[in-house]
Amino acid sequence: MLWIEEQADDEKIGLISHSLSTSNLLSRLLIHRGIEDPESAKLFLDPKLAHLSDPFELPGLKDAVLRISGALENQEPILLIGDYDVDGITSTVIVKQNLTRLGVDPHYVIPKRKNEGYGLTSEVLSRGLSQGGIKLVIALDCGTNSCEEARELSEKGIDLIIVDHHQAKGDLPDHAIMLNPHLHPDMGEPWRNLCTAGLAFKLVHGLLKHLREQNIQRAFEIDPKESLALTALGTIADLVPLHMENRILARFGLKHLGKNPSPGLRSLLEESGLKPGIIPESEDITFKLAPRINACGRLDDPETASSLMLEEDFSTCQVLARKMNAYNDERKEIEARLTEDALAQANECFSNKPAVVVC
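Because the structure is a prediction, the values reported are computed rather than measured. (Residues numbered from 1 in each chain as written. Predicted model: local features only at pLDDT ≥ 70, side-chain atom pairs only at ≥ 80, totals over all residues. Heavy atoms only, no water.)

### Comments concerning the overall build of the chain
- Along the chain, the regular secondary structure elements total 16 helices and five strands.
- A principal-axis box enclosing the C-alpha atoms of the chain has dimensions of 65 × 65 × 45 Å.
- A burial count over the chain gives 47% of its 359 residues as buried.
- Partitioning the intrachain contacts of the chain with sequence separation of at least 6 by distance along the chain shows that 65% fall at a separation of at least 24. (Helix = DSSP H or I, 4+ residues; strand = E, 2+ residues; numbered from the N terminus. Buried < 20%, exposed > 50% of the residue type's maximum accessible area, 1.4 Å probe, protein only. Contact = heavy atoms within 4.5 Å.)

### Concerning the packing of aromatic side chains
- All chains considered together, the criterion is met by zero aromatic pairs.
- The ring centre of F44 lies 3.6 Å from the NZ or CZ of R247, which sits over that ring. (Phe/Tyr/Trp six-rings, centres within 6.5 Å; stacked < 30°, edge-to-face > 60°. Lys NZ or Arg CZ within 6 Å of the ring centre and 35° of its normal.)

### Considering the sheet that holds strand 5 (residues 176–179)
- Strands sit in the order 2-1-3-4-5 across an open sheet of five strands; the sheet is parallel. At either end of the open sheet lies a strand with only one pairing partner, and these are strand 2 (107–109) and strand 5. Taking the axes of each pair of neighbouring strands and ignoring which way they run, one obtains an average angle of 15° across the sheet.
- Sheet analysis places strand 3 (residues 136–140) next to strand 4 (residues 159–163), joined by five bridges and oriented parallel. (Pairing = 2+ DSSP bridges. Axes fitted to C-alpha atoms, helices over the stretch in contact; angles between N-to-C directions.)

### Regarding a nonpolar patch on the surface
- Among the surface-exposed residues, L25, L26, L29 and L45 lie close enough to one another that they form a single nonpolar patch of about 340 Å² accessible area.
- Element by element, the count of residues in the nonpolar patch is highest for helix 2 (residues 24–32), at three residues.
- Tracing the chain through its elements places L29 in helix 2. (Patch = residues over 30% accessible without salt bridge, like charges linked within 9 Å, V, L, I, M, F, W, Y side chains within 5 Å. Areas by Shrake-Rupley, 256 points an atom, 1.4 Å probe, with all protein chains shown as cover. Salt bridge = Lys/Arg side-chain N within 4 Å of Asp/Glu carboxyl O.)

### A few points about the environment of K259
- By the secondary structure assignment, K259 is in helix 12 (residues 245–259).
- Between the C-alpha atom of K259 and that of A229, which follows or precedes it by 30 residues, the distance is 9.9 Å.

### A word on the packing of helix 5 (residues 86–101) against helix 9 (residues 196–213)
- One way to put it is that helix 5 packs onto helix 9 with a least axis distance of 8 Å and a crossing angle of 15°. Relative to helix 9, the element helix 5 lies roughly parallel. Classified by chirality, the crossing of helix 9 by helix 5 is right-handed. Only T196, A197, A200, F201, V204 and L207 of helix 9 make contact with helix 5, whose side of the interface consists of D87, T90, S91, I94, V95, N98 and L99.
- Along the lines of polarity and charge, the residues of the contact of helix 5 with helix 9 split into eight nonpolar, four polar and one charged. (Parallel < 35°, antiparallel > 145°, perpendicular 65-115°, else oblique. Left-handed = near helix turned anticlockwise from the far one by under 90°. Nonpolar A, V, L, I, M, F, W, Y, C, P; charged D, E, K, R; others polar.)

### Overview of the pattern of salt bridges
- The final tally for this structure, using the stated rule, is 16 salt bridges.
- In this structure, D46 engages K48 in a salt bridge whose closest nitrogen and oxygen atoms are separated by 3.4 Å.
- Three or more residues are tied together by salt bridges with common partners; here these are D46, K48 and R251.

### A look at empty space enclosed by the protein
- Considering all chains together, one arrives at one cavity of 30 Å³ or more under this definition.
- In this structure, the largest cavity spans a volume of roughly 60 Å³.
- If you go around the largest cavity, the residues you meet are I68, V95, N98, L99, L102, L203, V204, L207 and L208.
- Counting residues per element, the ones that place at least two in the lining of the largest cavity are helix 5 and helix 9. (1 Å grid on protein atoms, 1.4 Å probe; cavity = no way out; pocket = protein on both sides within 12 Å on 5 of 7 lines; lining within 4 Å. Points joined across faces, edges and corners; volume = space filled by probe spheres on them.)

If you want it as structure tokens, here you go:
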């Protein structure tokens, strides 16, 4: 194997090393990541919450905040619909917790993938709207491509806010407030690669900022930092690039997850073999926490995970965490059997082929 070292500008290496008192090796690695000046390097190495941009710079966020604040003022029933993966579940919990603290306890549903499919489908809408009187639906980690469902809601006189980071595949839903950074590709902003948990954090931040400007007392009693642990969980599990705002949210969210976890997250940490009080690594989320959360959705019981995150009683959380662990063990067994079957098919029918695909 021939190794070819990628070269970096010695002048840039020296400038970063001198300005930040870093080693030449670290400066070289930063430059290879596209970080070529001392200011950008300092932001990367030592991110601060104060470096987060104004939430209202996000297109669509102001309209979403105004609609939600109207729902709060008029005590309108709200329905949250989130995806069944870690990003969707954490986003749903972030929004539900903060709206509840603000005085409107929203209904929420997470799709059951076997019968309701992915995201904002007519089937999951039917279940959610059956709770009655819904005036506003907030779709989290889904909805960008749900044109038919958006039309269905509009015909019922129900407003729709879509908070999502998936790419649009065609026409966008009419009559919906869209909060999706990928709909604005020409804007090279620090929030460009936020997942939905990050967008939910920005939405809550903007909502609290707006309500404080209106002198709403409850908004002063809520600290958006309380949502950082869930934001980091969704961000890291969704494998979005950990730079710019994602890096800030992940860094401080991991600190909150280790030092001040909610009862639900504490029980999940313990069931995953992680000690509360010790700041977890990104790999702990990727390989220990996230699989247990995702297993609930894969085995058609996603609301076990959301219930854990919303629950305040620690003993109840322990029961739910053990249930999630059992789901994860079952998920591993299913995947092992599928792998064994696939290998058997490949060996039986295509043993002389360099590569095969079986199903």
